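# Topology and contacts: notes
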Amino acid sequence: MARPKKPAYEYVERLKLYRKRIKGPDGKYIAIYGKTPSELTEKLDEARREIEEETYHRENPTVKEYAEKWLTMHGSHIRTTTLVDYTSKVKIYIIEPLGDKYMAEVTPDDVKMAMNKAAAQSASIYRGVQMLYKMIFGSALESHIIDESPCKNLNPRGGKTPKEKTALTEAQVTTLLDAVRGLPPYPFIMLCLYSGLRREEALALQWDSVFLEGDAPHITVCRAWHIEHNRPVILTDLKTKAAKRTIPIPPQLVECLKAVKENSASDFVIANRDGGALSETQWRRVWGYVRTRTVRERTYYRYVNGQKIPHTVTPVLGERAAHNNSVVYSIDFEVTPHQLRHTYITNLLLAGVDVKTVQYLAGHEHAKITLDIYAHLTYNRPEDLADKVNRAFSG
């Protein structure tokens, strides 16, 4: 004999309401009430939709939620400096364009469109962002949050083609130093030109790591400068183990640092007015002394009657700036902070310093890095190779 069918709902006499129990997203039963069967049905439909959405959300987080969780999960396994870099890239190139989408809804086209922002930057930034996309969605795939990664066919190429690195000539170094002598960027430029420090190493350098007396003046690299929300963060966890090194410094840098130290009340070699490390804004202002003295065309804006009017200035070499008589346009070549370090390494190699020594002084983790970047200096000069080739084919 068949059992009687259980009613779809029950009437609660003491409440004068119809009731139905359904299972919630956490597995526990919840009661839904209605004054009439039709009202109860409407409320049940709405509750089931909400439960379905909440269950879906729990099982399928948004890109923002999962990317932030991924950073937290991996934070203890990677260097602090790497985590800072990852966090910045994830925020700008993954969360900003895709953060509100559910992980399972992201398509390959979504990823390609989001990658356009990274493609407008350098090739190295593009590759770094691409790697993060693959790692984050690959982790989601392993955790069965998604059935297929939208990044598996991501184009490995992209980003602006990096310009070939060129060192400053001796004449350009003289021009640059003359242009900023006595100005805020001068100590930074001297440090990078004559010790090969990376920007983050120079801006984190403190006097307890600078040794100017004795037969072998030197500096010790043991800190790195990073920025979080425009504020400086000084870390002792460097880019690689090889970045921690001791660098002998030549007389011209010794004299420069002695002069800086004599007038310094800060722990930092390059400090702001309060004696602390530079913020991002302060650093840009310091490097601005170099930019404003170049002959590169630039555009700035003025407000006239409430309207933003662009003005283009084309500086002429040797002339003074119209808005600032103390500024002379004397730099007729492009110069970047990294180019100073590149010049240091180039000069070492051209002076005959062996590659392993240059690798150590530059803080490269492997000699292959040094060779890949600078091989043309040591192996492409006919005057250096002619004798070797002639000996190989003699007799």
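Once a new chain begins, its residue numbering starts again from 1 and follows that chain's sequence as written. For this predicted model, a pLDDT threshold of at least 70 governs which residues receive local features, and a threshold of 80 or more governs which side-chain atom pairs are given and counted, while totals over whole chains, interfaces and linings are taken from all residues. Hydrogens and waters are ignored; side-chain quantities use all the structure's heavy atoms.

## What about the sheet that holds strand 4 (residues 210-211)?
- Paired strands, in this sense, are two strands between which DSSP finds at least two bridges. Working definition: helices are DSSP H or I runs of at least four residues, strands are E runs of at least two. Numbering for both runs from the N terminus. Spatial strand order, 4-5-8: 3 strands in an open sheet with antiparallel pairing. At either end of the open sheet lies a strand with only one pairing partner, and these are strand 4 and strand 8 (245-248).
- As paired elements, strand 5 (residues 218-221) and strand 8 share 4 bridges and run antiparallel to each other. Bridged to Ile219 within strand 8 is Ile247.

## Focus on the sheet that holds strand 3 (residues 29-34)
- With antiparallel pairing, the 3 strands of this open sheet are ordered in space as 1-2-3. Two strands bound the open sheet, and with one partner strand each, they are strand 1 (10-12) and strand 3. Between one strand axis and the next, the sheet turns by 40° as a mean value, whatever way the strands run.
- Examined bridge by bridge, strand 1 and strand 2 (residues 17-23) share 3 bridges and lie antiparallel to one another. Paired with Val12 across the bridge in strand 2 is Leu17. Axis definition: a line fit to C-alpha positions, over the contact stretch in the case of helices; interaxial angles, taken between N-to-C directions, run 0 to 180 degrees.

## A look at the pairing of strand 6 (residues 224-228)
- Direction of pairing for strand 6 relative to strand 7 (residues 231-235): antiparallel, over a ladder of 5 bridges. When the bridges of strand 7 are listed, Glu228 appears paired with Arg231.
- Two successive antiparallel strands, strand 6 and strand 7, enclose a turn made up of 2 residues, where His229 displays a positive phi of approximately 55°.

## Quick look at unusual backbone geometry
- Located in the positive-phi region is His144, a residue other than glycine, with phi close to 60°.
- By secondary structure assignment, the location of His144 is in the loop between helix 5 (123-142) and helix 6 (170-180).
- You will see that His229, though not glycine, has its phi angle at about 55°, which is positive.
- Secondary-structure assignment places His229 in the loop between strand 6 and strand 7.

## Brief notes about the pattern of salt bridges
- Definition used for salt bridges: Asp or Glu carboxyl oxygen within 4 Å of a side-chain nitrogen of Lys or Arg. Under the criterion given, the structure shown has 10 salt bridges.
- Across the salt bridge formed by Asp85 and Lys89, the nearest N and O atoms sit 2.6 Å from each other. Of this pair, Asp85 and Lys89 both sit in helix 3 (residues 80-98), 4 residues apart, which is roughly one turn of that helix.
- Only protein chains enter the accessibility calculation, which uses a 1.4 Å probe; a residue is then buried when its area is under 20% of its type maximum, exposed when over 50%, and partly exposed in between. A residue is classified by how much of its surface remains accessible, and Lys89, at 14% relative accessible area, is buried.
- A salt bridge links Arg198 to Glu201; the nearest nitrogen and oxygen atoms lie 2.7 Å apart.
- Looking at Glu201, the relative accessible area reads 5%, which means it is buried.
- Look at the salt bridges and you will find they share partners, linking Arg198, Glu201 and Arg245 into a network.

## Some words on the packing of aromatic side chains
- Each Phe, Tyr or Trp ring (for Trp, its six-membered ring) is paired with any other whose centre lies within 6.5 Å, and the angle between the two planes then decides the class: stacked below 30 degrees, edge-to-face above 60, tilted in between. If you walk through the whole model with that rule in mind, you get 5 aromatic pairs.
- On the basis of an interplanar angle of 10° and a centroid distance of 6.3 Å, the ring pair of Tyr133 and Phe137 is categorised as stacked. Linking Tyr133 with Phe137, this pair stays in helix 5, spanning 4 residues, or about one helical turn.
- Taking relative accessible area as the criterion, Tyr133 reaches 0% and is therefore assigned buried.
- Three or more aromatic residues link up through ring pairs in this structure, and these residues are Phe188, Trp283 and Trp287.

## A look at helix 2 (residues 63-74)
- A rise of 1.5 Å per residue sets the reference length of helix 2, with its 12 residues, at 16 Å; its end C-alpha atoms lie 16 Å apart and thus fit the reference within 8%.
- In this analysis, two residues are considered to be in contact whenever any of their non-hydrogen atoms come within 4.5 Å of each other. Looking at the buried residues of helix 2, the elements they touch are helix 3 and helix 5. Expected helix span is given by 1.5 Å per residue-to-residue step, counting one fewer step than there are residues.

## Observations concerning helix 5
- The terminal C-alpha atoms of helix 5 lie 28 Å apart, and with 20 residues this matches the ideal 28 Å at 1.5 Å per residue to within 8%.
- Along helix 5, the positions that sit buried rather than exposed are Ala123, Tyr126, Gly128, Val129, Gln130, Leu132, Tyr133, Ile136, Phe137, Ser139 and Ala140.
- For helix 5, the elements touching its buried residues are helix 2, helix 3 and helix 4 (108-119).
- One or two residues past the end of helix 5 sits His144, with phi positive at roughly 60°.

## Considerations on the nonpolar core
- Here, the term nonpolar core denotes a set of buried Ala, Val, Leu, Ile, Met, Phe, Trp, Tyr and Cys residues that are joined through side-chain atoms within 4.5 Å. In this structure, Leu176, Phe188, Ile189, Leu191, Leu257 and Leu340 are the most contacted members of the largest nonpolar core, which totals 56 residues.
- Contributions of two or more residues to this core are made by helix 6, helix 7 (186-195), strand 5, strand 6, helix 9 (251-262), helix 10 (280-291), helix 11 (337-350) and helix 12 (355-362).
- Examining the composition of this core, we find that 7 residues originate from one element, helix 7, more than from any other.
- Here Leu191 is in contact with Gly196, Leu197, Ala202, Leu205, Ile219, Leu253, Leu257, Val269 and Ile270, once residues within four sequence places are set aside.

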